[in-house]
Amino acid sequence: MRFPIPIGLSTASVYPQNTEAAFAYAADLGFDGVELMVWGESVSQNVAQVAHLSQRYQVPVLSVHAPCLIISQRVWGRDPKVKLRRSVQAAEDLGASTVVVHPPFRWQRDYVRAFDDLVTELEASSDVAVAVENMFPMRADRLFGAGERSARRMSDRGGKPGVSASAFGKSIDPTDDGYEHYTLDLSHSATAGVDALALATRMADGLKHLHLTDGTGAAHDEHLIPGDGSQPCIEVCRRLADSDFSGAVVLEVHTGSARTKNERAAMLARSLDFARTHLYRDVKDPTT
């Protein structure tokens, strides 16, 4: 039997507000849970405090995003292997089913060599899915323009990013290396100039987690509200809703332009409405 797809809010979506604010928005707006972004904020690194917030606001943690960003290089120590192990342990402690992880950076040589085996080991020793996320290259046109100008350059090149280089030691398309589980991020696919529907097809049954967001093809990672960019957000959502997808969908959107809490709440509510509309499943009671 298919169940409704849970829709969560990334705690990163309320930046510069904090982790507790994300739980409050999620509770007020009716999200099904949150994705915990582990980064520089101290509460995000403290599993006991996060568990307290989850209980206080009655909002479950659906997933944990491992501290993979350059700005979180010192979070939970310097060893990225330890960070990933701690992320899986945090997910277990919080009752989350998924850890989202980026592929290793090129300069993390030991981690690059160990990454595939570590992911396999962690999945074998826990009930947590380690879902490797698609990424994007550093594009040369970021030096020559931003926003609409770089998006136009992408369009003029037939949707390809042009001169670019990857910062990662593994492919930015995780299906090239092959993992049991994947996270599809639609802002990353926009910046990379990747066909998101084709990528979802390659991920196949391994697609465990969706970062529902959008992008125009600009040279930077935009994380727009779904529907505000050029990505096939509706098509991806309908494909999941019409399939046996049993993972979660998380809104990972940028709301930094909001001037007030009410403006931020409105942006998050619009994102949730988009998700609810296009991820709808007509779930029938098997007893009737």
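Figured I'd write up the structure that's included with this text.

So, how was this worked out
Residues numbered from 1 in each chain as written. Predicted model: local features only at pLDDT ≥ 70, side-chain atom pairs only at ≥ 80, totals over all residues. Heavy atoms only, no water. Helix = DSSP H or I, 4+ residues; strand = E, 2+ residues; numbered from the N terminus. Rg over C-alpha atoms; globule rule 2.2 N^0.38 Å. Contact = heavy atoms within 4.5 Å. Lys, Arg positive; Asp, Glu negative; His and termini not counted. Charge placed at Lys NZ, Arg CZ, Asp CG, Glu CD. 1 Å grid on protein atoms, 1.4 Å probe; cavity = no way out; pocket = protein on both sides within 12 Å on 5 of 7 lines; lining within 4 Å. Points joined across faces, edges and corners; volume = space filled by probe spheres on them. Nonpolar A, V, L, I, M, F, W, Y, C, P; charged D, E, K, R; others polar. Phe/Tyr/Trp six-rings, centres within 6.5 Å; stacked < 30°, edge-to-face > 60°. Buried < 20%, exposed > 50% of the residue type's maximum accessible area, 1.4 Å probe, protein only.

Section: the overall build of the protein
Within the protein, the secondary structure is distributed over 10 helices and 10 strands. Taken over the C-alpha trace, the protein has a radius of gyration of 18 Å; the compact-globule value for 288 residues is 19 Å, and the two agree within 12%. Across its three principal axes, the protein shows a C-alpha extent of roughly 50 × 40 × 40 Å. Taking the contacts inside the protein whose residues are at least 6 apart along the sequence as the reference set, 76% of them involve residues at least 24 apart. For the protein, the centre of its 30 positive side-chain charges and the centre of its 37 negative side-chain charges are spaced 6 Å apart.

Thoughts on the layout of surface pockets
There is about 940 Å³ of room inside the largest pocket. Across the lining of the largest pocket, the residue classes tally to 17 nonpolar, 8 polar and 6 charged. One number sums up the size of the second largest pocket: a volume of about 270 Å³. Taken together, 13 residues make up the lining of the second largest pocket; nearest its centre are A204, D205, L207, S243 and F245. Among the elements of the structure, α8 (196-203), β9 (207-212) and α9 (233-241) are those that each provide at least two residues to the lining of the second largest pocket.

Observations regarding the packing of aromatic side chains
Considering all chains together, one arrives at 6 aromatic pairs under this definition. Taking the centre distance of 5.8 Å and the plane angle of 75° together, the rings of F115 and Y179 count as edge-to-face. You can see F115 sitting in helix α5 (residues 109-124) and its partner Y179 sitting in the loop between β7 (164-165) and β8 (182-185), a full 64 residues away along the chain. Side by side, F115 and Y179 carry an identical accessibility label, which is buried. Taken together, Y111, F115, Y179 and Y182 form an aromatic cluster joined through their ring pairs.

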